[in-house]
Amino acid sequence: MADGQWYPPEWPDRIRAHAEGTLVPVAPKRAATVLLLKDTPDGPVVHMLRRRASMAFAGGAYAYPGGGVDPRDDDHLVRWAGPTRAWWADRLGVDEAGAQAIVCAAVRETYEEAGVLLAGPAPDAVVGDTTGDDWEAERAALVARDLSFAEFLERRGLVLRSDLLGAWTRWITPEFESRRYDTWFFVAALPAGQRTRNASTEADRTVWIRPAEAAVGYDKGELLMMPPTIATLRQLLPYGTAAETLAAAPARDMTPVLASARLADGEIVLTWPGHDEFTKRIPTDLTTGGA
């Protein structure tokens, strides 16, 4: 393969059905994902996980900690530090309840999958060690959805540090996909005193890697990634520190990126606006696709 772009093998059939008007798009679910950064002498590195090869969706692909929004976090007000919920609502393009739930999802997923918690006992503090048995029991309850993140913060008396996040970009799964997500991507710096670990049941490997190195791996076809992952990696390249990246976040365009497909000259042409490198041309007489 020319690069590490991954997309589901059933896409050609679904794209044809969508183009012919016989496929009804499913509504996308809200989701959040976090590009967790830390500085090194060679520049910032980003935390990535590799999805288990056995996973039905994007098995073997590299991604960031992330997952779906828990609707229970919409209406339970949490202790909050940083920009107001109204500010976040405007930034994310949703209402205030939705903004809280999306930010909660970003912080929760980083904790669930990387063991890093962007919250603290006060508006200007973050927790230290979260590896004790009591912490782990509550993290497992979060993963199982037996406990909402809002409830977790309340139990612990913690303040959610929204000021440690920067909204970076937004991608919506194409209309012809069977599982769709409206995903907000955030950037954050690893808090002092905390360490990452592979806490995800969906990942078989985690790495701290320089964005340029990961992009080279993708270009060589050695690292599988979905378009939003490699796109965001390339967007990190101009920044020399985690702080520079976070400082750039407020000016980022949050217009959603949504792929489109059209029929042209016997081919299905799949495009992502503003991201020409992901354009795919799929012959209409094929029934399966590839990476």
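Fair warning: this is a prediction, and the values are worked out from it, not measured in the lab. (Residues numbered from 1 in each chain as written. Predicted model: local features only at pLDDT ≥ 70, side-chain atom pairs only at ≥ 80, totals over all residues. Heavy atoms only, no water.)

(A) Focus on the packing of helix α2 (residues 85-92) against helix α3 (residues 96-114). Running from N to C, α2 and α3 point in directions that differ by 85°, and their axes come no closer than 8 Å. Here α3 runs roughly perpendicular to α2, going by the angle between their axes. Across the interface between the two elements, Arg 85, Ala 86, Trp 88, Ala 89 and Leu 92 of α2 pack against Glu 96, Ala 99, Gln 100, Ile 102 and Val 103 of α3. The class makeup of the residues in the contact of α2 with α3 is 7 nonpolar, 1 polar and 2 charged. (Axes fitted to C-alpha atoms, helices over the stretch in contact; angles between N-to-C directions. Helix = DSSP H or I, 4+ residues; strand = E, 2+ residues; numbered from the N terminus. Parallel < 35°, antiparallel > 145°, perpendicular 65-115°, else oblique. Contact = heavy atoms within 4.5 Å. Nonpolar A, V, L, I, M, F, W, Y, C, P; charged D, E, K, R; others polar.)

(B) Molecular detail of the nonpolar core. With 39 residues, the main nonpolar core has Leu 92, Leu 117, Phe 152, Leu 165 and Phe 186 as its most contacted residues. Contributing elements (two or more residues each) for this core: β1 (29-38), α2, α3, α4 (133-143), α5 (149-156), β8 (165-172) and β9 (181-189). Ranked by the residues each element gives to this core, the list is headed by α3, at 9 residues. Sequence-distant contacts of Phe 152, defined by excluding residues within four places in its chain, comprise Tyr 111, Leu 117, Trp 135, Glu 138, Leu 142, Leu 147 and Leu 158. If you look at the next biggest cluster of nonpolar residues, it comprises 34 residues, including Tyr 62, Ala 215, Tyr 218 and Ile 230. (Core = buried A, V, L, I, M, F, W, Y, C linked by side-chain atoms within 4.5 Å. Buried < 20%, exposed > 50% of the residue type's maximum accessible area, 1.4 Å probe, protein only.)

(C) Region of the structure containing the packing of aromatic side chains. Throughout the structure, instances matching the rule amount to 8 aromatic pairs. Ring geometry for Trp 135 versus Phe 152: centroids 6.2 Å apart, planes at 70°, classification edge-to-face. You can see Trp 135 sitting in helix α4 and its partner Phe 152 sitting in helix α5, a full 17 residues away along the chain. The pair Trp 135 / Phe 152 is uniform in exposure class, with both members buried. Ring pairing ties together the aromatic residues Tyr 111, Trp 135, Phe 149 and Phe 152, which thus form one cluster. Here Arg 156 stacks its cationic end above the ring of Trp 135, 3.7 Å away from the centre of that ring. Seen from the ring of Trp 168, Arg 252 lies directly overhead, with NZ or CZ sitting 4.4 Å from the centre. (Phe/Tyr/Trp six-rings, centres within 6.5 Å; stacked < 30°, edge-to-face > 60°. Lys NZ or Arg CZ within 6 Å of the ring centre and 35° of its normal.)

(D) Structural context of α2. Listing the buried residues of α2 in full gives Arg 85, Trp 88, Ala 89, Arg 91 and Leu 92. Relative to the axis of α2, the buried residues are bounded by an arc of 165° and lie together on one face. Those residues of α2 hidden inside the fold are in contact with β5 (80-81), α3, β8 and β9. Gly 93, located one to two residues past α2, shows a positive phi value of around 75°. (Arc of directions from axis to C-beta.)

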